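Breakdown of the fold
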Amino acid sequence: MPTLFTRILNRELPGRFVYEDEQCFAILTIAPLRPGHTLVIPKAEVDHWIDMPADLSSHLFAVAQRISTAMQQAFSPKKVGLIIAGLEVPHTHLHLVPIHQLHDLNFERQQQNPDPAMMDDAMQKIRATLGWQPAT
């Protein structure tokens, strides 16, 4: 059975895509810690990040670095935090979060019903800074 992320990748479920290539994709999370909170996800369904092939892991982190650089420009945070938790969906994903303080990474502070306009604005800022648009 496909994971939630594979269903989003296959456009069976909605997702705010900020990046996609042949090996991975990035979407805004539906419960952000901060505006711009993005997930970088391999297209291959790998449950635990330590089980990813080295070349895929390297690619995922390179994409995460590129997106984080764009987030730094778009949101001007103190830093962009990176977390790999992986308990909520059995499909590796890197959390990229624009942060100002350490508590910005506390998952108890997730916005469960974020403003759709704020989410769309964050998506557009990241896309514009990356220079990426989805294929039509």
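Just above, that's the structure.
Quick look at the structure, then. (Residues numbered from 1 in each chain as written. Predicted model: local features only at pLDDT ≥ 70, side-chain atom pairs only at ≥ 80, totals over all residues. Heavy atoms only, no water.)

Some points on the overall build of the protein chain
- Of the regular secondary structure elements, the protein chain holds three helices and five strands.
- Counting from the amino terminus, helix and strand elements in the protein chain follow one another as α-β-β-β-α-β-β-α.
- Relative to the compact-globule value of 14 Å for 136 residues, the protein chain shows a C-alpha radius of gyration of 14 Å, a close match.
- Across the 136 residues of the protein chain, 47% fall into the buried class.
- Total accessible area on the protein chain is roughly 7400 Å²; 53% of this is exposed by carbon and sulfur atoms.
- Here the protein chain holds 11 positive side-chain charges and 14 negative ones, and the gap between their average locations is 9 Å. (Helix = DSSP H or I, 4+ residues; strand = E, 2+ residues; numbered from the N terminus. Rg over C-alpha atoms; globule rule 2.2 N^0.38 Å. Buried < 20%, exposed > 50% of the residue type's maximum accessible area, 1.4 Å probe, protein only. Areas by Shrake-Rupley, 256 points an atom, 1.4 Å probe, with all protein chains shown as cover. Lys, Arg positive; Asp, Glu negative; His and termini not counted. Charge placed at Lys NZ, Arg CZ, Asp CG, Glu CD.)

A word on the environment of Ala26
- Positionally, Ala26 belongs in strand β2 (residues 24-28).
- Along the chain, Ala26 and Val40 lie 14 residues apart, while their C-alpha atoms are 4.3 Å from each other.
- Filtering out sequence-adjacent residues up to four positions away, Ala26 remains in contact with Arg16, Phe17, Val18, Tyr19, Thr38, Leu39, Val40 and Ile67. (Contact = heavy atoms within 4.5 Å.)

Quick look at the sheet that holds β2
- Strand order in the open sheet made by the five strands is β1-β2-β3-β5-β4, with antiparallel pairing throughout. The open sheet has two edge strands, β1 (17-20) and β4 (79-83), and neither has a second partner. Pairwise comparison of adjacent strand axes, ignoring direction, gives a mean angle of 20° for this sheet.
- Alignment of β1 against β2, held across three bridges, turns out to be antiparallel. (Pairing = 2+ DSSP bridges. Axes fitted to C-alpha atoms, helices over the stretch in contact; angles between N-to-C directions.)

Regarding the packing of aromatic side chains
- Across all of its chains, the model carries two aromatic pairs by this definition.
- Judged by centre distance (6.3 Å) and plane angle (45°), the rings of Tyr19 and Trp132 are tilted. One end of the pair, Tyr19, is in strand β1; the other, Trp132, is in the segment after α3 (116-130), and 113 residues separate them in sequence.
- According to the relative accessible area criterion, Trp132 is buried, its value standing at 13%.
- The side chain of Arg11 reaches across the aromatic face of Phe17, ending 3.9 Å from its centre. (Phe/Tyr/Trp six-rings, centres within 6.5 Å; stacked < 30°, edge-to-face > 60°. Lys NZ or Arg CZ within 6 Å of the ring centre and 35° of its normal.)

A word on helix α2 (residues 54-75)
- For α2, spanning 22 residues, the distance from its first C-alpha to its last is 31 Å, which sits close to the expected 32 Å at 1.5 Å a residue.
- For α2, the complete set of buried residues consists of Leu56, Ser57, His59, Leu60, Val63, Ala64, Ile67, Ser68, Ala70, Met71, Ala74 and Phe75.
- Looking at the packing, one finds that the buried side of α2 touches β1, β2, β3 (38-42), β4, β5 (94-99) and α3. (Expected span 1.5 Å × (residues − 1).)

Some remarks on α3
- Here α3 is 15 residues long and its end C-alpha atoms lie 21 Å apart, about the 21 Å a rise of 1.5 Å per residue gives.
- Buried within α3 are the following residues: Met118, Met119, Ala122, Met123, Ile126, Arg127 and Leu130. All buried residues of α3 project into a common sector of 165° when viewed along the axis, lining one side. Residues of α3 that are exposed and point over 90 degrees away from its buried face: Ala117 and Ala128. (Arc of directions from axis to C-beta.)

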